[in-house]
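Now for the letters of each chain:
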Amino acid sequence: MVGSKNRKLTRFFLIAGVLLFFYAPIASLMVFSFNDSRSLTSWAGFSTQWYTALFANREMMSAIYVTLLVALLSTFISTVVGTLTAIGISKSRKIIRELIINVNNFPILNPEIVTAIGLMLLFSSLSIEKGLITMLVAHIIFSTPYVILTVLPKLRGLDPDIAEAAMDLGATPAQALWKVIIPLIMPGVISGALLAFTMSFDDFVISYFVSGNGVKNISILVYTMSKRINPTINALSTILVVIITVVLLIVNLLPILKKKELRGAE
Amino acid sequence: MKKIGFSILLLSLMLTGCQTSKPTLKVFSWGAYIDNTVIEKFENDYDCVVIYDMFESNESMYTKLLSGEKYDVLVPSDYMVQRLIDEDALQALDYTKLTNASGIINGLLNREFDPTNTYSIPYFWGNVGLIYNTTIVDQTDLSQGWNILRDTTYKGQVYVYDSERDVFMVALKALGYSTNTTNMSQINKAYDWLEVLDKTMDPVYSTDDVIDNMIQGNKAIAMVYSGDATYITAENPDMAYYVPLQGTNFWVDSMVISRDAKEVDLAHEWINTMLDPEVAKLNSVFVGYSSPIQTVFDDLKETDFYGLSAYTPRLDYPNDEVFKYNEDIKRIISDLWVKVKAN
Amino acid sequence: MRVFGNLVKPYMVWMSLFIVIPMLLIVLYAFTTHGNSVMAFQFTFDNFGKFFDPVFIKVMLKSIQVALITTGVCIVIGYPIAYVIANVDERWQTLLMLLVTIPMWINMLVRTYAWISILSDSGLINTFLKSINIGPLKMMYTDFAVILGMVYNFLPFMILSIYTSLAKMDKAVINASYDLGANTRQTFMKITLPLSMPGVISGVTLVFLPAVSTFIIPKFLGGGQYMLIGNLIENQFITVGEWNFGSAISLIMAIIIMLSMYMTRKIDKDIVQEAQGGNKW
């Protein structure tokens with residue numbers, strides 16, 4: 001009895017400890033975004049001045065805009081390209097399939113910094129001016145392999161004859177694709193898109209090497225501003241943390257709640 | 001799916017559509033080197049968009065240019081101006097458009113890196129020195145000059161500025177050599193000097209983060225630029241600025257227009273605006289660096305920065321030197337500095 | 001199904017342009033000499049010769065050492081956590097795993113930046129210590145700070161990966177072990193641990209790979225004098241402008257990492273086979 005109680009306590013402290021470790025720094029970051037002074041260590045009263053400063057700071061607003069724009073566009077393009085390629089891969093001969101999957105693994109297995117300098121060398125040897133376009137292209141390049149990797153397993157679980165059956169019934173290949181295959185692998189496509197979005201949204205290393213001419217995303221801005229004490233970074237971070245937490249809670253808890261509702265209806 | 005895609009495309013078109021067709025001026029300067037209200041006012045006055053980008057060192061600025069970025073106005077230091085002139089990367093300034101140029105302190109003009117100021121005009125100037133905590137550092141220790149950075153009494157208490165040119169300047173001056181030496185045995189001795197510092201002092205190599213750290217009094221001694229020292233001493237009265245008698249680097253950060261600038265007229269307007277006494281005063285008060293405009297400089301040293309020695313760097317002190325650019329030496333020094341840090 | 005097979009063609013072009021060519025460019029730069037113009041290159045081994053200076057070898061070893069310590073700490077902390085979560089009531093599992101994974105989605109720079117104001121000489125910990133009259137602890141700019149930063153950033157990956165392998169484990173095997181008279185300890189050592197090894201190994205790759213190449217964490221928490229291989233590469237590309245040398249370092253790092261990934265995968269297979277053999281017993 002005593003042993004089991006001890007074990008329960010140990011478990012509790014383990015979990016509590018690790019959660020404290022994960023959340024205490026984030027909490028302190030958020031708390032001091034409301035500080036009335038520039039200090040990040042001593043509390044001088046509540047204020048929202050850093051939020052006002054954030055929204056008045058054009059550089060920060062433009063970074064938020066760049067981050068969102070690049071994340072939305074790169075997610076859309078990499079999801080479409082990745083899904084179609086995955087479907088193509090699943091219907092290709094073995095040699096082609098292996099080839100693509102192996103090359104596709106490069107950006108995933110390689111350290112980010114290597115992918116980044118490779119792209120930087122590519123853009124500068126083609127003398128492409130670094131900016132929004134290079135950042136967007138780079139984001140599509142590094143997120144597409146992840147989309148392919150997420151969608152492929154869903155295709156493996158699919159009945160290989162299903163598209164053929166649809167076409168035998170008179171569907172064109174495009175219809176078979178849109179009306180039959182894609183709806184069946186939709187969960188994989190959605191999780192691939194989510195992955196692509198967050199990867200693009202949080203990216204620093206690759207964006208840092210391939211962008212320029214004043215185009216900065218949030219990560220690059222945080223990097224350049226982190227040298228000085230600046231609670232506006234805390235304000236920006238707080239907003240990001242809140243949005244991400246809310247989205248994750250909705251994405252993860254919605255299915256559970258729905259299940260409960262269904263059970264209640266029964 | 002189609003609908004989502006379509007709306008995203010539409011959204012992005014709308015977003016990109018918002019960007020104006022106003023002329024865009026691209027300025028590349030040091031971090032925290034301008035009062036931001038100046039940029040906004042300039043945009044309103046000249047109905048344009050200013051892209052203001054920042055760099056951490058002359059070397060990283062140069063590397064960015066090398067990788068294909070194009071700016072209209074740059075603010076490099078003296079020796080980098082010289083390098084850019086040598087490489088034909090700059091265009092001559094049109095002084096008929098720079099009506100405020102006459103206000104510049106005479107001693108800052110016609111320096112060796114651009115003997116007739118054909119390509120460059122001063123933005124801020126100063127030197128490199130030591131900021132120290134008067135409650136910790138014994139005044140008599142200061143007579144060691146740069147060697148105080150290797151005085152083990154202050155082990156774990158020093159910040160060294162992470163810039164190859166500046167650290168080698170300190171080492172060479174401490175050893176009594178010229179900062180512009182091309183003598184390899186002197187450079188190797190300077191390397192050894194820095195290795196000893198690195199090994200025995202447990203220093204932190206910092207850049208702009210030194211400013212807030214010294215204001216908070218986190219360490220006793222730091223190697224800083226005079227302008228940052230002005231800001232630090234103004235914020236924390238325990239701190240004082242000292243420039244070793246062994247000599248130091250005297251620098252002039254200057255505005256230049258790149259050869260491939262797209263907005264040449266606007267670039268001149270920008271430079272002229274920065275030289276305007278009112279604007280120059282705003283900038284100088286905001287960042288703490290010494291203004292090159294005589295009237296502003298005379299005014300601020302008696303008012304905002306009264307009693308702060310860092311605001312009035314010594315001019316024409318015989319042991320002080322301006323850096324000269326030498327490609328081979330640059331490469332050697334930057335390799336050696338990476339080695340010091342990596343070791 | 002030829003029709004759909006054609007769908008890979010655009011990506012194959014894209015892939016060669018943006019994945020294969022950049023890799024070849026790194027190799028090209030690594031084996032050529034000065035000048036950042038592709039047109040005027042000259043073949044050389046100098047960049048590699050330069051790297052085999054004891055100073056740079058030390059940087060490489062230090063990076064591997066720091067990454068290994070980080071990985072070790074992540075296993076030691078991550079395994080018990082994953083084990084406890086996998087064994088609590090199912091309702092709690094989802095919530096706890098959500099709490100563990102949320103930090104993964106938050107920007108890495110933000111998460112690392114948060115530690116600066118905690119660890120610095122006048123930071124939160126030292127302010128607290130001062131109030132109870134304990135002298136300032138030097139934490140910023142030390143190995144401790146850098147490893148702490150890495151563990152903080154990468155631990156969720158380890159927990160997630162071990163948890164996944166524990167959660168999908170067949171509970172019947174464990175019950176069978178108890179039925180056959182094994183105690184908790186024996187069951188854990190002989191059944192659970194070997195069967196969860198694939199999770200540990202994929203966790204190792206998820207932690208080791210980013211830890212060995214990051215330059216943000218050492219830069220934020222280690223200061224300019226803390227140089228790991230990622231910082232060395234960044235320094236060559238951003239500040240020094242020696243792209244050839246930078247490419248050579250990147251190539252060496254990429255090869256070392258690819259090799260270690262290949263090896264872990266091999267170990268992974270062996271362990272799985274062994275564990276399955278164990279099952280038959």
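Residues numbered from 1 in each chain as written. Chains lettered and ligands numbered in written order. Predicted model: local features only at pLDDT ≥ 70, side-chain atom pairs only at ≥ 80, totals over all residues. Heavy atoms only, no water.

**Describing the overall build of chain A**
Check the secondary structure of chain A and you find eleven helices and zero strands. Going from N to C terminus, chain A has its helices and strands arranged as α-α-α-α-α-α-α-α-α-α-α. Rg of the C-alpha trace for chain A: 24 Å, well past the compact-globule value of 18 Å for 266 residues, more than 25% over. Expressed along its principal axes, the backbone C-alpha trace of chain A runs to roughly 75 × 70 × 35 Å. Counting every position in chain A, which comprises 266 residues, the buried fraction comes to 50%. Within chain A, contacts between residues at least 6 apart in sequence are counted, and of these 71% link residues at least 24 apart. (Helix = DSSP H or I, 4+ residues; strand = E, 2+ residues; numbered from the N terminus. Rg over C-alpha atoms; globule rule 2.2 N^0.38 Å. Buried < 20%, exposed > 50% of the residue type's maximum accessible area, 1.4 Å probe, protein only. Contact = heavy atoms within 4.5 Å.)

**A word on the interface of chain A and chain C**
On the side of chain C, 74 residues touch chain A, which itself brings 82 residues to the contact. Summed over both partners, the interface of chain A with chain C buries about 7100 Å², with 82% contributed by carbon and sulfur atoms. Together, F22(A), L109(A) and L121(A) form the three largest contributors to the area buried by chain A at its contact with chain C, with a combined 9%. Our count for the chain A to chain C interface comes out at zero salt bridges. The element contributing the most residues to the side of chain A that touches chain C is helix α1 (residues 2–31) of chain A, with twelve residues. Here the residues of the side of chain A that touches chain C are counted per class, giving 59 nonpolar, 19 polar and four charged. (Buried area = accessible area lost by both parts, 1.4 Å probe. Salt bridge = Lys/Arg side-chain N within 4 Å of Asp/Glu carboxyl O. Nonpolar A, V, L, I, M, F, W, Y, C, P; charged D, E, K, R; others polar.)

**A closer look at the confidence of the model for chain C**
All names here are of chain C. Mean pLDDT over chain C: 87, with 93% of residues reaching 70 or higher. Mean pLDDT across the elements of chain C ranges from a minimum in helix α1 (residues 2–5), with 71, to a maximum in helix α8 (residues 143–167), with 95. Two summary scores accompany this predicted model of the complex, namely pTM at 0.90 and ipTM at 0.88. (pLDDT = per-residue confidence, 0-100.)

**A short note on the pattern of salt bridges**
One pass over the full model with this rule turns up 30 salt bridges over all chains. Between R58(A) and E43(B) there is a salt bridge, with the nearest N and O atoms lying 2.4 Å from each other. Of this pair, R58(A) sits in helix α3 (residues 58–90) while E43(B) sits in helix α2 (residues 36–46), which puts the two residues in different chains. A relative accessible area of 44% means that R58(A) is categorised as partly exposed. Overall, the relative accessible area of 10% leaves E43(B) in the buried class.

**Re helix α4 (residues 54–87) of chain C**
Residue and element names in this part refer to chain C. The end-to-end C-alpha distance of α4, which contains 34 residues, comes to 49 Å, matching closely the 50 Å that a straight helix rising 1.5 Å per residue would cover. Residue G78 marks the point of greatest curvature in α4, where the axis turns by about 30°; the proline P80 follows within four residues. One side-chain oxygen of the residue at the start of α4 lies 2.8 Å from the amide nitrogen of V55, identifying that residue as D53. (Expected span 1.5 Å × (residues − 1). Bend = angle between axes of the 7 residues up to and from the residue. Polar contact = N/O pair within 3.5 Å; in protein donor to acceptor, adjacent residues only side chain to side chain.)

**A few points about the packing of α3(A) against helix α10 (residues 218–225) of chain A**
All names here are of chain A. For the pair α3 and α10, interaxial distance at closest approach is 8 Å and the crossing angle is 145°. Contacts from E59, M60, A63, I64 and T67 in α3 reach I218, L221 and M225 in α10. The residue inventory of the contact of α3 with α10, partitioned by class, reads six nonpolar, one polar and one charged. (Axes fitted to C-alpha atoms, helices over the stretch in contact; angles between N-to-C directions.)

**Considering the nonpolar core**
Residues L155(A), I181(A), F204(A), F209(A), I159(C) and F215(C) are the most contacted members of the largest nonpolar core, which totals 183 residues. The biggest single contributor to this core is α8(C), with 14 residues. With sequence-adjacent residues up to four places away left out, L155(A) is seen in contact with A86(A), I87(A), S90(A), I181(A) and I185(A). Counting 101 residues, the second-largest nonpolar core is a separate cluster that includes M61(B), V128(B), Y154(B) and V256(B). (Core = buried A, V, L, I, M, F, W, Y, C linked by side-chain atoms within 4.5 Å.)

**Let's talk about the interface of chain B and chain A**
Between chain B and chain A, the residue contacts involve 33 residues of the former and 24 residues of the latter. Overall, the association of chain B and chain A removes approximately 2400 Å² of surface from exposure, summing both partners, and the carbon and sulfur fraction of that is 58%. Between the two partners, chain B and chain A, sit five salt bridges. Counting the contacts that link chain B with chain A gives twelve residue pairs in polar contact (both at pLDDT 80 or more). Per-element tally for the side of chain B that touches chain A: the top contributor is helix α1 (residues 2–17) of chain B, with seven residues. Of the residues in the side of chain B that touches chain A, the class split is 14 nonpolar, eight polar and eleven charged.

**Overview of the side chain of N234(A)**
Its location among the elements puts N234(A) in helix α11 (residues 231–265). Sequence-distant contacts of N234(A), defined by excluding residues within four places in its chain, comprise L29(A), F32(A), S33(A), L40(A) and Y113(C).

**A few points about a negative patch on the surface**
Residue and element names in this part refer to chain A. Where like charges cluster on the molecular surface, the negative patch consists of D159, D161, E164 and D168. Here E164 lies in helix α7 (residues 162–168). Residue classification places E164 among the partly exposed residues on the basis of a relative accessible area of 37%. (Patch = residues over 30% accessible without salt bridge, like charges linked within 9 Å, V, L, I, M, F, W, Y side chains within 5 Å. Areas by Shrake-Rupley, 256 points an atom, 1.4 Å probe, with all protein chains shown as cover. Lys, Arg positive; Asp, Glu negative; His and termini not counted. Charge placed at Lys NZ, Arg CZ, Asp CG, Glu CD.)

**Overview of the pairing of strand β6 (residues 158–161) of chain B**
Where a strand is regular, its side chains alternate between the two sheet faces. Residues and elements named next belong to chain B. Every second residue of β6 is oriented toward a common face, with V158 and V160 on one face and Y159 and Y161 on the other, all of them buried. As defined by bridge partners, β6 adjoins strand β8 (residues 221–225) across two bridges and the pair is classed as parallel. Bridged to Y159 within β8 is A222. As defined by bridge partners, β6 adjoins strand β7 (residues 204–206) across three bridges and the pair is classed as parallel. Residue Y159 lies in a different strand from β7, and its bridge partner there is V204. (Pairing = 2+ DSSP bridges.)

**So, a nonpolar patch on the surface**
Residue and element names in this part refer to chain A. Side chains of I190, L194, I243, V247 and V251 sit close together on the surface and give an oily, nonpolar patch of about 410 Å² of accessible area. At the level of secondary structure, the elements contributing two or more residues to the nonpolar patch comprise α8 (173–202) and α11. One can find I190 in helix α8.

**Looking at helix α10 (residues 184–213) of chain C**
Approximately 45° is the largest bend angle found in α10(C), and it occurs at M197(C), with the proline P198(C) only one to four residues beyond. Here α10(C) starts with a cap whose side-chain oxygen sits 3.2 Å from the backbone nitrogen of R185(C), and that cap is N183(C).

**So, the pairing of strand β10 (residues 250–258) of chain B**
Residues and elements named next belong to chain B. Counted residue by residue, β10 has nine buried out of nine residues, so it is predominantly covered. In β10, alternate side chains face the same way, and those of F250, V252, S254, V256 and S258 on one face and W251, D253, M255 and I257 on the other are all buried. Pairing of strand β4 (residues 90–91) with β10, which is carried by two bridges, proceeds in the antiparallel orientation. Of the residues in β10, the one forming a bridge with L90 is S258. Inspection of the sheet shows strand β5 (residues 120–133) paired to β10 by seven bridges, in the antiparallel sense. When the sheet's bridge partners are listed, S120 is paired in β10 with V256.

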